[in-house]
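Structural characterization, general
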Amino acid sequence: MLGSWCLVLLLGLAADGSAMPADVPDAGRESEFLSEIRQLTFGSEFERAGEAYFSPDGSCLIFQAVPRGQKHYQMYLAPVVREGDSITGIGQYVQISSEPSRNTCGWFAPDGKTILIASTAGKEVPDEPTAGYQREGRDYRWSYPSGMELWLLQVPGPQVAGDLRQFAPGGAAERKPLTDNLFYDAEGSFSPDGRHIIFTSNRSGDLELYVVNPDGSGLVQLTQVPGYDGGPFFSPDGKRVCYRSDRRDNDLLQVFVSDVVYDAEGNITGLTNERQLTQDAHVNWGPFWHPS
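Rules used throughout
Residues numbered from 1 in each chain as written. Predicted model: local features only at pLDDT ≥ 70, side-chain atom pairs only at ≥ 80, totals over all residues. Heavy atoms only, no water. Core = buried A, V, L, I, M, F, W, Y, C linked by side-chain atoms within 4.5 Å. Buried < 20%, exposed > 50% of the residue type's maximum accessible area, 1.4 Å probe, protein only. Contact = heavy atoms within 4.5 Å. Pairing = 2+ DSSP bridges. Helix = DSSP H or I, 4+ residues; strand = E, 2+ residues; numbered from the N terminus. pLDDT = per-residue confidence, 0-100.

Most often, soluble globular proteins keep nonpolar side chains buried together rather than apart. Counting residues in each nonpolar core, the largest one holds 45 residues, and the members touching the most others are Ile62, Leu77, Ile96, Ile115, Ile117, Val160 and Phe167. When sequence neighbours within four positions are dropped, the list of residues in contact with Ile62 reads Glu51, Ala52, Tyr53, Met75, Tyr76, Leu77, Ile96, Gly106, Trp107, Phe108, Ile115 and Ile117. Counting residues in hydrophobic clusters, the runner-up holds eleven residues, among them Val241, Phe256, Ile268 and Leu271.

Our next topic: the sheet that holds strand E14 (residues 220–221). In spatial order, the strands read E11-E12-E13-E14; together these four strands make up an open sheet with antiparallel pairing. In this open sheet, the two strands that pair with only one neighbour each are strand E11 (185–190) and E14. Two strands pair when backbone bridges link them, and strand E13 (residues 208–212) and E14 are joined in this way by two bridges, in the antiparallel orientation. Bridge pairing links Val211 to Val220 in E14.

Below, the discussion takes up the confidence of the model for the protein. When pLDDT is averaged across the protein, the result is 87; 85% of the residues are at 70 or more. Here residues 1–5 is a poorly scored stretch, pLDDT under 50, and it has seven contacts once near neighbours within four places are set aside; other chains count. Taken together, the stretch residues 10–24 has pLDDT below 50 and engages in 18 contacts with residues farther than four places along the chain or on a different chain.

On to the pairing of E11, then. Here E11 lies mainly inside the structure; six of its six residues are buried. Relative to strand E12 (residues 197–201), E11 is paired through four bridges, and the arrangement is antiparallel. Residue pairing across strands places Ala186 opposite Thr200, the latter belonging to E12. Connecting E11 to the antiparallel partner E12 that follows it, the hairpin turn spans six residues, and Gly194 within it adopts a positive phi of roughly 80 degrees.

Turning our eyes to something else, we now look at the pairing of strand E7 (residues 103–108). For a regular strand, the rule is simple: side chains alternate between the two faces of the sheet. Among the six residues of E7, six are classified as buried, and the element is accordingly described as predominantly covered. Note: E7 against strand E8 (residues 114–119), four bridges, orientation antiparallel. Across the sheet, Thr104 pairs through a bridge with Ala118, a residue of E8. Linkage of E7 to E8, two consecutive antiparallel strands, is achieved through a turn of five residues, within which Gly112 is found at a positive phi near 75 degrees.

In structure tokens, the structure reads:
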């Protein structure tokens, strides 16, 4: 706990980068901190899966996964299955990305009507390096496809969970690119009030954080320090952001937090008071805010 706020850092990867099943001996060491562990995706369906996030009402998940026999991530929605207060699994999932494409970083808008994803749909270059976590020793590896754009998927209904099939290619959901360029735009998420989208881009020649309005206006570059900055998320009150960064150019990510600067009209103009929370010889992955 740092002051009145806290961050949760999650990383549970086996040697091949997959989630550790309960029968792995080391998984027992998690019991001091984690309980009721449930595996939601399986190797019979996907080569690998990750980056799963709840819808605002907790009724469904968005996640990325590589179908069996393929090499690129596709994006999926799945209903959450519950028994009482416990999650026991997921229901029938729906692929919402169109092929050929590679996809990452799905996220729900706070109103539950809009989904944000990063996709190379319409700009896929087959011979570009495969996106995804590449385990090379203890280092971090990621590719940055030039055709990766931010996309918004919107439905007229009150909530995403009304009918997940409407997000499937050819469904009723409206699809439109938020960005359109020859750079990597990805790793995006909404602010708690839905007014802003924070994301990572290499449009400046370096991987920096940016913020933009959902209609594409108000683009502001937030970081200007050499090295990768990515995976940003707003705190629940919208006053801070957490993110990962490779400022030392050694492929070992560290976790940072900064305060968000707003103008009188509530527009984001920058970041200030940056603090580095980790400083070690490891990959620090997936920082996220507890609801408190």
